[in-house]
Amino acid sequence: MPAAIRVHRTGGPEVLTYEEIATPLPAPGEVLLRQHACGVNYIDTYYRSGLYKAPSLPFILGAEGAGEVVAIGEGVSEFKPGDRVAYAGAIGSYASERTYPANRLVPLPEAISYEQAAGMMLKGMTAQYLVRRTFKVSAGQTVLVHAAAGGVGLILCQWAKALGAMVIGTVGSEEKAALARSNGADHTILYRSEDWVKRVADITDGRKCDVVYDGVGKDTFPGSLDCLKPLGMWVSFGNASGPVEPVPMLLLSQKGSLFATRPTLGTYVAERADLLATAGDLFETVASGKVNIPVNQRYRLEDARKAHEELEGRGTTGSSILLPSS
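Residues numbered from 1 in each chain as written. Predicted model: local features only at pLDDT ≥ 70, side-chain atom pairs only at ≥ 80, totals over all residues. Heavy atoms only, no water.

Visitor: Hey, could you go over the pattern of salt bridges for me, with residue numbers and the actual values?
Guide: Counted according to the given criterion, the structure contains 15 salt bridges. In this structure, the salt-bridge partner of Arg6 is Glu19, at a minimum N-O distance of 3.2 Å. Remark: Glu19 occurs in strand 2 (residues 16–20) and Arg6 occurs in strand 1 (residues 3–7); sequence separation between them is 13 residues. When its relative accessible area of 24% is taken as the criterion, Arg6 is described as partly exposed. Glu194 serves as the salt-bridge partner of Arg199, at 2.7 Å between the closest nitrogen and oxygen. The partly exposed category is assigned to Glu194, whose relative accessible area is 26%. Each member of the salt-bridge network shares a partner with another, and the members are Arg300, Glu302 and Asp303. (Salt bridge = Lys/Arg side-chain N within 4 Å of Asp/Glu carboxyl O. Helix = DSSP H or I, 4+ residues; strand = E, 2+ residues; numbered from the N terminus. Buried < 20%, exposed > 50% of the residue type's maximum accessible area, 1.4 Å probe, protein only.)

See below:
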């Protein structure tokens, strides 16, 4: 039988339960997927803990995966059984089989493996809109990436470097510093032992950064603002250390007429044309070799609890995936 990781009550990793489920049937406009790999992302911990509200309890966790179509619902014409597909969005991916709206799936090119896709759809499309649309990175600019050895961080470092920027990354250990440098970071800062705001100023000879990509949240605010040059942009796209307190608008003025934004992937890919364009740019960039997707942790589906413990303990680098056993 198919199996899934379900959450019956919100809390820590211990609330993740591995259960057999009935084979789901695709409704009109949906397809049934046999999943080959499921992505593990920090946003999953927000739903598990209750920071983000899930539709109802119990629910199946996860928002990213890749697999093959095994059945289609009424009205689906874009996909057929056997097609390779990937997605990021609606929760419910921690399962060996699941249904998904056909209009939110993207065709998966042969050049991209299921494991790569499951490790990059959410993080890779996030990186794509961050460097291509939220703040359009260009040659000669200076970019600061917090958590530079994390899943999004490693992709951001590579992509920003490929676009010609100088990349500075904050990391938690020498091992992660080496990993970030091997993935495009020109400079790394050990945020636990160094004054990272001062180091940014030293590295840039006081000119500071054009943009700060901040997926950490509470622990990096307001220091991120102090790393920006006048008219720079603070892009707060995650809460790994906890949510940021409300930001006084006057503070942005005082620190150099700064721009601040809190974007989400869902907004940037709400229209199908944008979804296909975002995924297409990601696939093309990865296939070209400009960006590598490091899938550094692989877990069996039933070991989702361990995956969350290591993710929240900052013991992971790059992408983590779950591999369904059925």
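Now that the structure has been shown, we can carry on.
Visitor: Just give me the short version of the packing of helix 1 (residues 42–49) against helix 10 (residues 304–312), but keep the residues and values in it.
Guide: Two elements in contact, helix 1 and helix 10, have axes whose closest approach is 10 Å; the angle formed by their N-to-C orientations is 110°. With respect to helix 10, the axis of helix 1 lies roughly perpendicular. Residues Tyr42, Asp44, Thr45 and Arg48 of helix 1 form the contact with helix 10, whose participating residues are His308, Leu311 and Glu312. Looking at the contact of helix 1 with helix 10, its residues break down into 2 nonpolar, 2 polar and 3 charged. (Axes fitted to C-alpha atoms, helices over the stretch in contact; angles between N-to-C directions. Parallel < 35°, antiparallel > 145°, perpendicular 65-115°, else oblique. Contact = heavy atoms within 4.5 Å. Nonpolar A, V, L, I, M, F, W, Y, C, P; charged D, E, K, R; others polar.)

Visitor: So what's going on with the side chain of Thr142? Residues and values would help.
Guide: With respect to the helices and strands, the residue Thr142 is situated in strand 9 (residues 142–145). Judged by its relative accessible area of 10%, Thr142 falls in the buried class. The residues contacting Thr142, other than those within four sequence positions of it, are Met166, Ile168, Thr204, Lys208, Cys209, Asp210 and Val211.

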